[in-house]
Amino acid sequence: YEFTRGAPGRMKNTVLLSCGAVAALALFSPVFLHEGPGRVHIPLFFESQPATVLFVGDIMLDRSVARFVRQKGAEELFDDVSSVFAEHSLIVANLEGTLTENPSLSEVDTTILRFTFDPELATTIREAGIGVVSLANNHSLDFYDEGYRETLENLDRADIISFGSALNTEHLDTQVIVNDKTLCFVGYHELFRRDPSVI
């Protein structure tokens, strides 16, 4: 916002209006306009930073990815995308598997598509910048309800917010505050139960 410069040392009362579809906010603040040619730019101290959200795809950390982690280390998993992640306020991903202590079945037999990840990788996911994950997919029950519960606990310990379930029966939504803005996420998985009425 710019205001035409007044007389030197003169104090003006300014009115800043932010109008929306159903409401308007008026803020009255005394502002000193300093001497100098041209116009004076006055930043709005109440402006909040925009919230930018990046939605990425599946995170699957079993099979060859698990072998990669053992050989190279977990810190290299997200190296190629770290600069992209850093540009956003929040990263949301789909966790395509469980975080449990169960041994991998799909590493032994790649035709078995039941995925579990080392629970310590939850910290790696969080340190990469991913703060929210969806569990509304066909792999969140790969190790049954016990695996789903263990996954929720491991995500919570790593400070990762989750939402959604394979059967759309619970944990359907969550709210996250980013840069003073409340963002709501709702998860819906259609493969097992095609009934969007729950959401």
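None of these values were measured; they are calculated from a predicted model.

1. Concerning the overall build of the protein
In terms of helices and strands, the protein carries four helices and twelve strands. Taken over 199 residues, the protein has a buried fraction of 37%. A separation threshold of at least 6 residues defines the contact pool for the protein, and within that pool the share at least 24 residues apart is 64%. Of the roughly 12,200 Å² of accessible surface on the protein, 53% is carried by carbon and sulfur atoms.

2. As for the packing of aromatic side chains
In this structure the tally under the stated criterion is three aromatic pairs. Plain terms: the ring middles of F78 and F85 are 6.4 Å apart, the flat faces sit at 40° to each other, and that makes the pair tilted. Across the pair, F85 and F78 agree in class, each one buried. Ring centres of F163 and F185 lie 5.8 Å apart, and the angle between their planes is 25°; on these two criteria the pair is classed as stacked. Remark: F185 occurs in strand β12 (residues 181-186) and F163 occurs in strand β10 (residues 161-163); sequence separation between them is 22 residues. On the accessibility criterion, F185 (7% relative accessible area) is buried. Among the aromatic residues, those joined into a ring-pair cluster are F55, F163 and F185. Directly above the aromatic system of F143 lies the positively charged group of R114, at a separation of 4.8 Å from the ring centroid.

3. What to know about the confidence of the model for the protein
Taken residue by residue, the protein gives an average pLDDT of 83. The fraction at 70 or more is 76%. For residues 1-36, every residue scores under 50 in pLDDT, and the model assigns this stretch 60 contacts once sequence neighbours within four places are set aside.

4. Some details on the pattern of salt bridges
Inspection of the entire model under this criterion finds four salt bridges. E107 serves as the salt-bridge partner of R67, at 3.7 Å between the closest nitrogen and oxygen. In this pair, R67 sits in helix α1 (residues 64-72) while E107 sits in the loop between β7 (98-99) and β8 (116-117), placing the two residues 40 residues apart along the sequence. Judged by relative accessible area, which is 32%, R67 ranks as partly exposed. The partner of R149 in a salt bridge is E170, with the nearest N and O atoms 2.7 Å apart. Taken together, the positions of R149 in helix α4 (residues 144-157) and E170 in the loop between β10 and β11 (173-178) put the pair 21 residues apart, joining distant regions of the chain.

5. With respect to the sheet that holds β10
Across the sheet, four strands lie side by side as β5-β6-β9-β10; this open sheet has parallel pairing. Unpaired on one side and paired on the other, β5 (53-59) and β10 mark the two borders of the sheet. Within the sheet, the average angular offset between the axes of one strand and its neighbour, ignoring direction, is 25°.

6. As for a nonpolar patch on the surface
On the surface, V186, V198 and I199 cluster together to form a nonpolar patch covering roughly 260 Å² of accessible area. Looking at where I199 falls in the secondary structure, it is placed in the segment after β12.

Rules and cut-offs
Residues numbered from 1 in each chain as written. Predicted model: local features only at pLDDT ≥ 70, side-chain atom pairs only at ≥ 80, totals over all residues. Heavy atoms only, no water. Helix = DSSP H or I, 4+ residues; strand = E, 2+ residues; numbered from the N terminus. Buried < 20%, exposed > 50% of the residue type's maximum accessible area, 1.4 Å probe, protein only. Contact = heavy atoms within 4.5 Å. Areas by Shrake-Rupley, 256 points an atom, 1.4 Å probe, with all protein chains shown as cover. Phe/Tyr/Trp six-rings, centres within 6.5 Å; stacked < 30°, edge-to-face > 60°. Lys NZ or Arg CZ within 6 Å of the ring centre and 35° of its normal. pLDDT = per-residue confidence, 0-100. Salt bridge = Lys/Arg side-chain N within 4 Å of Asp/Glu carboxyl O. Pairing = 2+ DSSP bridges. Axes fitted to C-alpha atoms, helices over the stretch in contact; angles between N-to-C directions. Patch = residues over 30% accessible without salt bridge, like charges linked within 9 Å, V, L, I, M, F, W, Y side chains within 5 Å.

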